[in-house]
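Listed below are the residues making up each chain.
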Amino acid sequence: MFGEEDIVKSHKSRADVITNIILVSFAIILARLWYLQIYMGEAYRRYSLENSLRKETVMAPRGMIFSRNNELMVHNVPRFDVIIVPQYLKTPKETVEMLAQRIEVPAAEIFQKLNRAKREQASYIPVVIKKNLSRKEVALIETENSYMPGVSVSTFITREYSDEFIGSHMLGYISKLDKQGKKKVKEYDEFQYIGVAGIEKVFDKHLKGDNGFEFVEVDALGRKRRYLKSDLLLDDIQNRPAVPGLNIRLTIDRDLQLAAYEALEGKVGSVVALDVTNGEILAIISRPSYNPSIFSRQLTSDYWSILSKDENEPLYDRAIQDHYPPGSTFKTITALAALEEGIVDENTEVRCNGYFQLGRKTFHCWKKHGHGVVNIYKAIRESCDVYFYKIGTKIDIDVLAKYAKMLGFGNKTGISLPRETRGLIPTKDWKLKKNAVPWQLGETLLTAIGQSYVLATPLQLTVAYAAIANNGRLVKPVLIKEIFSNAGDIVQQGNIEISPEKIFSDKTLKIVREGLFQVVNNPNGTAWWYRGKGINMSGKTGTSQVVRFSSDKIFNKCEDNEYKLRHHAVFAAYAPSDNPKIAVGVVVEHGCHGSSAGAPVATAIISKYLEKYYPELREKYLKEDNKMLAAHWSRKKAQAAEEAKKNDEE
Amino acid sequence: MNYSAILETLKKYDFSFFGAVIAIFFIGVINLYSATQASDQLSHSNLFKIQLFYFLISMAIALTISFVQTKNYFRYGYFIYGVNVFLLILVLTLGKIGMGAQRWLVLGPISFQPSEFMKISIVLALGRWFTKTDPHLVLGFKELIIPAIITFIPMILIVLQPDLGTGILVGLISFMIAFYRRLRWKVIVMLGIISLIGGSVMYQYGLKEYQRKRIIAFVNPDADAKGSGYNAIQSKIAIGSGEFLGKGYKKSTQASLQYLPENHTDFIFSIFNEEHGFFGSLVLISLYIVLFYRFIWLAQAVTKIFDSILAVGLMSIFFWHTFINMGMVMGLMPIVGVPLPLLSYGGTSLLTFMICCGVATSISNSRNFF
């Protein structure tokens with residue numbers, strides 16, 4: 001048996017081998033150091049001094065946005081900026097003065113920018129001197145580049161919105177990420193663009209693409225070039241190409257969008273048009289509007305502050321972010337609920353004397369002297385308040401709320417746009433929680449005519465009328481037809497959601513739709529004078545009160561009031577009446593009457609729609625209209641003649 | 001203890017390890033000062049102070065350890081190993097909650113990486129195992145089964161973190177201990193061939209292109225984000241531009257321009273080379289070799305095989321770190337995130353090396369006064 005010391009000694013040969021391993025290892029390290037520092041040292045020294053290897057970001061082109069008919073709505077356009085890399089600025093004074101002349105920017109201003117950059121960032125980071133150069137300026141700088149070391153022109157891509165102000169709320173806009181913003185969204189590069197509103201925001205992940213990078217060698221003046229021995233240095237460098245963003249095809253029709261925009265000219269309000277069969281949004285416009293192209297160019301903050309100071313709030317998407325009392329357009333929902341619950345039927349008659357007495361409270365009808373005997377058709381057609389007050393006394397508010405919610409009121413529609421509001425459908429619980437006061441019967445009466453607490457977005461209103469038009473099947477509003485790559489592969493299809501069950505019985509729908517048809521097509525209907533031609537439209541007018549007037553002013557002409565106090569005009573419609581295809585909802589703020597201010601907007605869009613997609617139907621309806629009108633006028637004439645005869649006889 | 005006893009102790013005390021380590025550390029901290037002062041990032045400018053603070057704590061711990069009797073290492077070898085494995089499991093289960101921080105365990109104000117201490121624990125555990133088995137035996141495959149298990153349990157736990165670099169290091173440390181404990185040459189050659197063929201076959205044919213990329217991303221998650229060749233070439237430019245005498249202290253251009261993102265941790269050697277050149281490296285490497293040589297000397301100077309294995313194991317911790325780090329920053333090896341002993345910034349890593357030094361000193365001291 002050996003002693004322990006001998007055991008240790010018996011490992012001496014291995015200890016020697018380990019010593020040798022160490023020596024050989026460091027011999028390799030030193031040999032490599034010799035190669036790098038002595039053999040290649042000069043080349044590397046030059047590299048390090050000139051910092052001639054620059055990593056440049058290759059911006060991924062952002063995805064384009066198309067209309068449903070493949071017209072380009074949003075795309076990217078190159079833009080030129082002049083930049084200075086302070087590190088390469090050999091003769092600052094001369095160069096800056098020379099540049100100042102060519103781009104018509106005071107030299108002092110350029111120096112100011114350079115000095116600020118000097119404090120904030122390293123000298124190899126370029127400083128943007130002027131954005132959006134004209135072609136002429138680009139040429140002037142490029143040709144005399146060699147006299148201005150450190151100055152160069154860099155190309156950027158800007159986002160261009162073909163229709164500028166039209167539909168900007170839906171499309172949204174993009175903005176450059178600042179240092180703070182970068183911290184919030186990790187997966188973005190600094191200074192990358194990010195969608196801040198509309199489709200640009202919601203589908204930013206799809207649109208943005210992935211930036212790549214590229215290593216370029218530059219000389220002492222910042223110009224790209226290649227050195228000898230470069231291959232030896234650069235062989236283990238990998239560039240990464242940029243991956244372009246995905247493109248989006250919307251359900252939007254550009255012509256309808258334009259028609260809607262023009263119809264709202266000079267007004268404050270919004271309009272939504274959607275395909276009742278599948279919920280595809282054909283047009284969605286809010287006015288006043290803004291030009292999103294400006295956001296991706298210069299002066300972003302200036303433009304922003306102008307917009308945010310405007311009292312009409314052009315940044316606000318009134319179609320989905322604002323809600324209004326739906327006024328008389330909500331009577332349709334009250335009628336549906338009452339019919340379905342058996343509270344009224346086709347034969348129920350109510351006498352309207354111009355007011356309704358509930359206890360000591362008087363509820364006025366809009367028509368001072370009353371409508372006389374009213375049935376459900378006349379009630380809808382002539383928008384008789386008293387008829388609906390009567391329903392209000394018999395229907396439970398929670399039942400009415402149930403039907404309203406089935407039609408999508410009081411909840412977000414789920415449209416793929418940011419910051420949608422949910423509106424409001426009052427219930428007993430809601431009021432108790434909100435005000436700690438129980439629900440009053442009088443409030444049901446007001447809710448029945450779309451006043452009191454009810455609030456709806458123009459989109460919700462349109463969706464509800466679309467469901468009525470679509471035989472009681474609710475559709476979810478969609479904006480996306482498909483998302484596809486540049487190679488044409490479809491990555492995602494818009495998902496159409498239609499409720500499988502009818503919300504209302506056919507009988508109920510038939511009555512209400514007949515009523516809505518008469519609103520527009522009966523000479524006594526509230527929208528008769530604004531019905532448009534050859535579109536076979538059904539609809540409902542409404543006014544939503546901005547303030548409650550005292551009883552002496554209540555029958556004053558709306559237009560006599562101060563602008564800010566005038567009622568909002570609401571109109572909801574669908575067409576053609578016998579086989580509905582399109583539904584439109586309009587709100588014109590302070591427009592006074594749903595008929596005169598709202599209906600023309602809807603008729604403009606529907607006319608355009610039928611002309612474009614169903615010209616033969618349009619022709620048919622035009623003929624029918626002419627026949628109907630001719631009959632109407634001859635009837636009127638006969639009436640007049642008879643009256644004249646009567647007068648003569650007397 | 002009276003005055004003369006203290007004097008006696010000091011006379012017998014082996015200061016060589018601490019001497020070499022302190023010399024290297026001070027070169028390191030001066031270099032760290034330069035690397036972090038030059039940086040644009042203000043948050044880095046205080047790092048050298050923090051490193052000095054870590055050093056004082058580590059030094060206190062290491063000095064205490066240097067008075068531990070070596071039989072205690074033997075006695076608690078498996079226990080320490082077991083606790084460390086438990087901590088690694090804890091990291092995997094608890095660490096998952098904090099994204100990307102799976103290597104750390106947080107105990108109140110203290111956070112540390114158990115994988116760093118595993119390097120020492122594995123040396124203790126293997127040392128004890130190899131001492132208990134017949135010390136005359138020349139090791140074959142059969143004798144490697146238990147040591148392999150001892151090695152693979154923590155190794156797999158570390159690789160899962162994921163930290164392939166440290167995992168491989170643990171494997172290499174075990175290998176060097178087995179080698180010292182007279183692993184048959186035949187087995188060494190066979191192991192080499194098996195791992196070489198197995199590894200390359202797996203890499204070439206067993207994996208598809210995207211899987212290979214994933215492995216690269218696994219090894220170094222930052223690789224693609226920053227451009228895989230980018231750090232490597234910037235590091236080579238830094239080293240090469242140093243030429244023979246270097247650019248001079250605090251004259252690094254690569255560090256100041258943030259061309260080397262990790263210039264205070266894994267790429268500290270590049271900055272050192274840029275400023276002090278080939279000559280500076282020669283001095284630094286000589287100091288490392290002196291330190292390693294001292295460990296080897298200790299392995300043969302002790303009377304117990306356990307102490308001897310410990311000395312080699314501790315040396316191998318230092319050696320593999322130094323060799324792999326230097327190799328990777330000068331483009332000889334893939335970049336796997338291994339710190340350079342005593343030069344790279346980092347508290348746990350510094351403490352680990354100081355403990356190694358303390359243990360080595362206590363082994364050396366035990367020859368004289370226990």
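No experiment lies behind these values; they were computed from the predicted model shown.

Conventions and cut-offs
Residues numbered from 1 in each chain as written. Chains lettered and ligands numbered in written order. Predicted model: local features only at pLDDT ≥ 70, side-chain atom pairs only at ≥ 80, totals over all residues. Heavy atoms only, no water. Helix = DSSP H or I, 4+ residues; strand = E, 2+ residues; numbered from the N terminus. Buried < 20%, exposed > 50% of the residue type's maximum accessible area, 1.4 Å probe, protein only. Contact = heavy atoms within 4.5 Å. Areas by Shrake-Rupley, 256 points an atom, 1.4 Å probe, with all protein chains shown as cover. Disulfide = S-S within 2.5 Å. Phe/Tyr/Trp six-rings, centres within 6.5 Å; stacked < 30°, edge-to-face > 60°. Lys NZ or Arg CZ within 6 Å of the ring centre and 35° of its normal. Salt bridge = Lys/Arg side-chain N within 4 Å of Asp/Glu carboxyl O. Core = buried A, V, L, I, M, F, W, Y, C linked by side-chain atoms within 4.5 Å. Domains from an automatic or database assignment. Pairing = 2+ DSSP bridges. Axes fitted to C-alpha atoms, helices over the stretch in contact; angles between N-to-C directions. pLDDT = per-residue confidence, 0-100. Polar contact = N/O pair within 3.5 Å; in protein donor to acceptor, adjacent residues only side chain to side chain. Nonpolar A, V, L, I, M, F, W, Y, C, P; charged D, E, K, R; others polar. Patch = residues over 30% accessible without salt bridge, like charges linked within 9 Å, V, L, I, M, F, W, Y side chains within 5 Å. Parallel < 35°, antiparallel > 145°, perpendicular 65-115°, else oblique. Left-handed = near helix turned anticlockwise from the far one by under 90°.

Here we take up the overall build of chain A. Of the regular secondary structure elements, chain A holds 25 helices and 20 strands. In chain A, buried positions account for 53% of the 650 residues. Once local pairs closer than 6 in sequence are excluded, the contacts in chain A between residues at least 24 apart make up 73%. Of the roughly 30200 Å² that chain A leaves accessible, carbon and sulfur atoms contribute 52%.

So, on to the overall build of chain B. A tally of regular secondary structure across chain B gives 15 helices and 2 strands. For chain B, buried positions account for 55% of its 370 residues. Considering only intrachain contacts with a sequence separation of at least 6, the fraction spanning at least 24 residues in chain B is 76%. In the form shown here, chain B has an accessible surface area of approximately 15700 Å², with 70% of it arising from carbon and sulfur atoms.

Attention now moves to the state of the cysteines. Applying the stated criterion across every chain yields a total of 0 disulfides over all chains. Looking at the unpaired C352 of chain A, the closest cysteine sulfur is the one in C384 of chain A, lying at 3.7 Å. Here C357 of chain B is not cross-linked by a disulfide; its sulfur's nearest cysteine counterpart is in C356 of chain B, at 8.4 Å.

This paragraph deals with the packing of aromatic side chains. Scanning the model with the defined rule gives 37 aromatic pairs over all chains in all. Considering the side-chain rings of F26 of chain B and F55 of chain B, the 5.8 Å spacing of their centres and the 75° angle between planes classify their relative orientation as edge-to-face. Of this pair, F26 of chain B sits in helix α2 (residues 16–37) while F55 of chain B is found in helix α3 (residues 47–65), placing the two residues 29 residues apart along the sequence. We classify F26 of chain B as partly exposed; its relative accessible area is 36%. Residue F55 of chain B is classed as buried on the basis of its relative accessible area of 5%. Summarising the aromatic geometry, the rings of F179 of chain B and W185 of chain B are spaced 5.4 Å apart at their centres and angled 80° between planes, so their arrangement reads as edge-to-face. Owing to a relative accessible area of 5%, F179 of chain B belongs among the buried residues under this scheme. W185 of chain B gets classed as partly exposed once you look at its relative accessible area, which sits at 46%. By the ring-pair criterion, three or more aromatic residues cluster together here, those being F26 of chain A together with Y288, F292, F319, W320 and F323 of chain B. We note R14 of chain A situated over the ring of F179 of chain B; from NZ or CZ to the ring centre the distance is 4.7 Å.

What follows covers the pattern of salt bridges. Residues and elements named next belong to chain A. Across all of its chains, the model carries 26 salt bridges over all chains by this definition. Across the pair E280 and R68 runs a salt bridge whose closest N-O atoms are separated by 3.1 Å. Here E280 is found in the loop between β10 (269–275) and β11 (281–287), whereas its partner R68 is found in the loop between β2 (65–66) and β3 (72–84), with 212 residues between them in sequence. A relative accessible area of 5% places E280 in the buried class. Using a relative accessible area of 15% as the deciding quantity, one classes R68 as buried. Residue E482 pairs with R249 through a salt bridge whose shortest N-O separation is 3.2 Å. Linking E482 in strand β16 (residues 480–484) with R249 in strand β9 (residues 247–250), this pair joins segments that are 233 residues apart in sequence.

The biggest cluster of nonpolar side chains holds 129 residues, and the ones touching the most others in it are I199, L250, I284, Y387 and F409 of chain A. Here this core takes 9 residues from helix α22 (residues 458–469) of chain A, the largest share from any one element. Per-domain counts for this core show at least three residues from each of domain 2 (54–250) and domain 3 (312–479 + 492–613) of chain A. Not counting residues up to four positions away in its chain, the partners in contact with I199 of chain A are I65, M170, L171, G172, D204, L207, I248, L250, S416, L417, L479 and I480 of chain A. Judged by nonpolar contacts, the second largest core, of 112 residues, contains L92, I237, L310 and M328 of chain B.

All right, on to the sheet that holds strand β18 (residues 538–544) of chain A then. Strand pairing in a sheet relies on backbone hydrogen bonds. The paired strands run either parallel or antiparallel. Residue and element names in this part refer to chain A. Spatially, β11-β10-β20-β19-β18 is the arrangement adopted by the 5 strands of the open sheet, whose pairing is antiparallel. Each edge of the open sheet is held by one strand with a lone partner, namely β11 and β18. The mean angle between the axes of side-by-side strands here comes to 5°, regardless of whether they run parallel or antiparallel. Pairing analysis gives 7 bridges linking strand β19 (residues 568–575) to strand β20 (residues 582–588), with the strands arranged antiparallel. Residue pairing in the sheet places A569 in a bridge with V588 of β20. Each of β10, β11, β18, β19 and β20 is contacted by α22, which is oriented at about 30° to β10, the strand it contacts most. Of the strands in this sheet, β18 and β19 touch helix α23 (residues 506–521), which is tilted by about 75° from β18.

Averaged over chain A, the pLDDT score is 86; the fraction of residues at 70 or greater is 90%. In the predicted structure, residues 227–231 of chain A sits below a pLDDT of 50 and forms 12 contacts with residues beyond four places in sequence or in another chain.

As for its placement among the helices and strands, R102 of chain A is situated in helix α4 (residues 92–103). A distance of 3.0 Å separates the side chain of R102 of chain A from the backbone oxygen of M98 of chain A, its partner in a polar contact.

Next up on the list: the packing of α22 of chain A against α23 of chain A. Residues and elements named next belong to chain A. In contact at an axis separation of 10 Å, α22 and α23 are set at 115° when each is read in the N-to-C sense. Along its contact with α22, which presents Y465, I468 and A469, the element α23 presents L509, R513 and L516. Residue composition of the contact of α22 with α23, grouped by class: 5 nonpolar, no polar and 1 charged.

Once that is clear, we can look at a nonpolar patch on the surface. A surface patch of nonpolar side chains, about 580 Å² in accessible area, is lined by W34 and I38 of chain A together with F244, L245, F279 and V283 of chain B. Mapped by element, the contributors of at least two residues to the nonpolar patch are α2 (12–39) of chain A together with α13 (268–301) of chain B. If you trace the backbone, I38 of chain A turns up in helix α2. When its relative accessible area of 30% is taken as the criterion, I38 of chain A is described as partly exposed.

Right, let's get into helix α16 (residues 331–340) of chain A. Of all 10 residues that make up α16 of chain A, 9 are buried, and the element is covered over most of its length. Phi turns positive, to about 75°, at G342 of chain A, one or two residues after α16 of chain A.

Below, the discussion takes up the confidence of the model for chain B. Residue and element names in this part refer to chain B. Taken over all residues, the pLDDT of chain B has a mean of 82, while the share at 70 or more is 82%. Taken element by element, chain B is modelled with least confidence in helix α10 (residues 223–226), mean pLDDT 44, and with most confidence in helix α14 (residues 305–329), mean pLDDT 93. Confidence drops under a pLDDT of 50 for residues 221–228, and excluding neighbours within four residues, the segment shows 13 contacts in the predicted structure.

Turning our eyes to something else, we now look at the side chain of S293 of chain A. Residue and element names in this part refer to chain A. For S293, the position within the fold is in helix α13 (residues 292–296). On the accessibility criterion, S293 (0% relative accessible area) is buried. A distance of 3.0 Å separates the side chain of S293 from the backbone nitrogen of Y161, its partner in a polar contact.

Residues and elements named next belong to chain A. Within the fold, K533 resides in the loop between α23 and β18. Overall, the relative accessible area of 46% leaves K533 in the partly exposed class. C-alpha separation for the pair K533 and E624, spaced 91 residues apart in sequence, amounts to 9.8 Å. Ignoring any residue separated from it by four or fewer positions in sequence, one finds K533 in contact with R618, L622, D625, N626 and L629.

All names here are of chain A. Running from amino to carboxyl end, α4 crosses helix α6 (residues 135–143) at an angle of 155°, the nearest separation of the two axes being 9 Å. Classified by the angle their axes make, α4 and α6 are roughly antiparallel. The chirality of how α4 crosses α6 is right-handed. In contact with L99, R102 and I103 of α4, α6 contributes E137, L140 and I141. Grouping the constituent residues of the contact of α4 with α6 by class yields 4 nonpolar, no polar and 2 charged.

Residue and element names in this part refer to chain A. At the junction of R287 and P288, the peptide bond is cis and its omega measures out at 0° in the coordinates. Note that the residue after A575, namely P576, is joined by a cis bond; omega there is -20°. The backbone of E313 shows a phi angle near 50°, a positive value even though the residue is not glycine. Within the fold, E313 resides in the loop between α14 (300–309) and α15 (318–321). Its identity as a non-glycine residue notwithstanding, H590 has a phi of 55°, on the positive side. Looking at H590, the relative accessible area reads 8%, which means it is buried.

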